[in-house]
Structures are given as C-alpha cells and as structure tokens.
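Listed below, chain by chain, are the residues.
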Amino acid sequence: MKEPIIIDNFLPEDQYQYLYNVIDDSQFVWKRSTIVDEKELLCDSKFNQQFTHGLYYGYNATSSYCHDITKPIIVQSNKDNNMPVIRALSKAKVNCNLVTESIIQHGYHTDSNNKGLTAIYYLNSNNGYTSILWRDNVSVLSYINQIKEDTNDKRKDVREYKVESIANRIVIFPSDLLHTGSTCTNCNKRYVLNVNYH
C-alpha cells in the first residue's frame, strides 16, 4: 500500500442509514475515555476525552451491537475490490467527539505495531478530519520527535493525508502509521467507526 485507500459511498444507502440510526439512538450506550496517552497530546489535556462504544477487543466481541455494526463493513470489504478483505477483527469501536469552538487535533498515535490495517468509517459529515502521516524510511521514535518539534525541514520524508469526515466514506491504512482525529465545529458531534483488522 503506497497511500491510504479512500472509498466514498462505501455501503448501500439503506445499510449506512441503519448503522447511523443504531449509533445515534438514545439507547446506544457510550463510555467516556481518554483519546491518546499524555505523551502524544497535541492539545490541552482538558480536550483529551471522547465517548466510545467498544465492539471488539483482542478478537473477542465486547458488545451486543458488535455483529450488527461490523457485519455490513465486513461483508462490503469482501465485495469491494479496492479494499483489502477483512479476515479477522482485532479491535473495533465507535467514537463520538463533541463539537468545539475551533478544530482540535488530539495527538498522533498508532493503533498497533503489527502489520494489520486500520479502517475508519465516517458516520456523519462534518468539518472534522483524520490526519495520517505517511513515512518513508524513518523510525517511529524519530518520526514522533519530528512532529513534536514541528520543523518542516526535518519532515521531508513524511507526507500528510488529511481525510475529511464525509458520511459513508471509509479510509484504510496500515495500523502502524501515526494518525490523529479531530473535533468539528459545524456539527454537534463527529461519529467514526474505527476497525483494526487482518
């Protein structure tokens, strides 16, 4: 994979609407959690929180919603020739970031150090985004230091892909790449489904 794979209109409209309605329902249970480790933060620590609903962890289902929410994504991955097929889920969760006055990036992090893939499925359109840093021949440690120093001349080997939050869009990239989500300012919340898989 030489760059992130972005697929718009990923699910048929009725399946997308079903997923959105499940997640946006008042009976859907959310837990408040931190977003990134303190050492990875790019923002004030008061913004290092989001609401999540865990679906899978360590290859095991952790929610009664896990199959309803992940099955459409898995089935479509087997139909779409542009997307690497999902054979096994290692982790899956739904994230909800609430609106802020200005867009806030939380902090660059990796989902895993293994050779798996991350898929982020956007459940609503807003002006938030995912920033993915693509690296060529640079260690993760020096990569993180470059970000913290924010010196452009030291980041020649790093390309940023900014993926806008557009409903029914999915982006796929290697799980060991640094990336960050953001808040939004033009919608009361930003919903994404985050899936780590092989």
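Below you will find a few notes about this structure. Just so it is clear, the structure is predicted and the values come from calculations on it, not from any experiment.

**Concerning the overall build of the protein**
Logical step 1: Looking only at helices and strands, the protein has three helices and eleven strands in total.
Logical step 2: Start at the N end of the protein and walk to the C end: the helices and strands fall as β-α-β-β-β-α-β-β-β-α-β-β-β-β.
Logical step 3: Counting only residues that meet the buried cut, the protein has 50% of its 198 residues in that class.
Logical step 4: Long-range pairs, those at least 24 residues apart, make up 82% of the contacts in the protein between residues at least 6 apart in sequence.
Logical step 5: A total of about 10,200 Å² of accessible surface is found on the protein, and carbon and sulfur atoms cover 47% of it.

**Comments concerning helix α1 (residues 13–24)**
Logical step 1: Given a rise of 1.5 Å per residue, twelve residues ought to cover 16 Å, and the 16 Å separating the end C-alpha atoms of α1 matches this to within 8%.
Logical step 2: For α1, every residue scored as buried is listed here: Tyr16, Leu19, Tyr20, Val22 and Ile23. Across the axial projection of α1, the buried residues extend over an arc of 160 degrees, all falling on one side. Structural note: α1 exposes Glu13 and Asp14 on the side pointing more than 90 degrees away from its buried face.
Logical step 3: The secondary structure elements touched by the buried residues of α1 are α2 (66–79), β5 (89–98), β6 (117–122) and β11 (189–197).

**A closer look at the pattern of salt bridges**
A side chain of one charge can pair with a side chain of the opposite charge when the charged atoms of the two come close.
Logical step 1: Overall, the coordinates contain two salt bridges when judged by the stated rule.
Logical step 2: With a closest N to O distance of 2.5 Å, arginine 169 and aspartate 8 form a salt bridge. Residue arginine 169 is located in strand β9 (residues 169–174), and its partner aspartate 8 is located in the loop between β1 (5–7) and α1; the two are separated by 161 residues in the primary sequence.
Logical step 3: Here aspartate 24 and lysine 189 are joined by a salt bridge, their closest N and O atoms 3.2 Å apart. Residue aspartate 24 is located in helix α1, and its partner lysine 189 is located in strand β11; the two are separated by 165 residues in the primary sequence.

**Regarding the pairing of strand β7 (residues 129–135)**
Logical step 1: Burial within β7 is extensive, with seven of its seven residues counted as buried.
Logical step 2: Of the two faces of β7, the one carrying Tyr129, Ser131, Leu133 and Arg135 and the one carrying Thr130, Ile132 and Trp134 are both buried.
Logical step 3: One ladder, built from seven bridges, connects β7 with strand β8 (residues 158–164); its direction is antiparallel. Bridging from a neighbouring strand, tyrosine 129 pairs with glutamate 164 of β8.
Logical step 4: Pairing analysis gives three bridges linking β7 to strand β10 (residues 179–181), with the strands arranged antiparallel. Paired with threonine 130 across the strands is glycine 181, a residue of β10.

**Quick look at the layout of surface pockets**
Logical step 1: Within this model, the largest pocket holds a volume of roughly 340 Å³.
Logical step 2: Elements that contribute at least two residues to the lining of the largest pocket include exactly β5, β10 and β11.
Logical step 3: By residue class, the composition of the lining of the largest pocket is three nonpolar, twelve polar and four charged.
Logical step 4: Estimated volume of the second largest pocket: approximately 160 Å³.
Logical step 5: Lining of the second largest pocket is provided by Lys46, Phe47, Gln49, Gln50, Phe51, Cys96, Asn97, Leu98, Val99, Thr100, His106 and Thr183.
Logical step 6: Mapped by element, the contributors of at least two residues to the lining of the second largest pocket are β3 (50–57) and β5.
Logical step 7: Sort the elements by how many residues they give to the lining of the second largest pocket and β5 lands first, with three residues.

**Describing the sheet that holds β10**
Logical step 1: Taken in spatial order, the three strands of this open sheet run β8-β7-β10, and their pairing is antiparallel. With one partner strand each, in any of the chains shown, β8 and β10 form the two edges of the open sheet. Across the sheet, the mean angle separating the axes of adjacent strands is 15 degrees when strand polarity is ignored.

Conventions and cut-offs
- Residues numbered from 1 in each chain as written.
- Predicted model: local features only at pLDDT ≥ 70, side-chain atom pairs only at ≥ 80, totals over all residues.
- Heavy atoms only, no water.
- Helix = DSSP H or I, 4+ residues; strand = E, 2+ residues; numbered from the N terminus.
- Buried < 20%, exposed > 50% of the residue type's maximum accessible area, 1.4 Å probe, protein only.
- Contact = heavy atoms within 4.5 Å.
- Areas by Shrake-Rupley, 256 points an atom, 1.4 Å probe, with all protein chains shown as cover.
- Expected span 1.5 Å × (residues − 1).
- Arc of directions from axis to C-beta.
- Salt bridge = Lys/Arg side-chain N within 4 Å of Asp/Glu carboxyl O.
- Pairing = 2+ DSSP bridges.
- 1 Å grid on protein atoms, 1.4 Å probe; cavity = no way out; pocket = protein on both sides within 12 Å on 5 of 7 lines; lining within 4 Å.
- Points joined across faces, edges and corners; volume = space filled by probe spheres on them.
- Nonpolar A, V, L, I, M, F, W, Y, C, P; charged D, E, K, R; others polar.
- Axes fitted to C-alpha atoms, helices over the stretch in contact; angles between N-to-C directions.

Geometric values such as these leave the question of function open.
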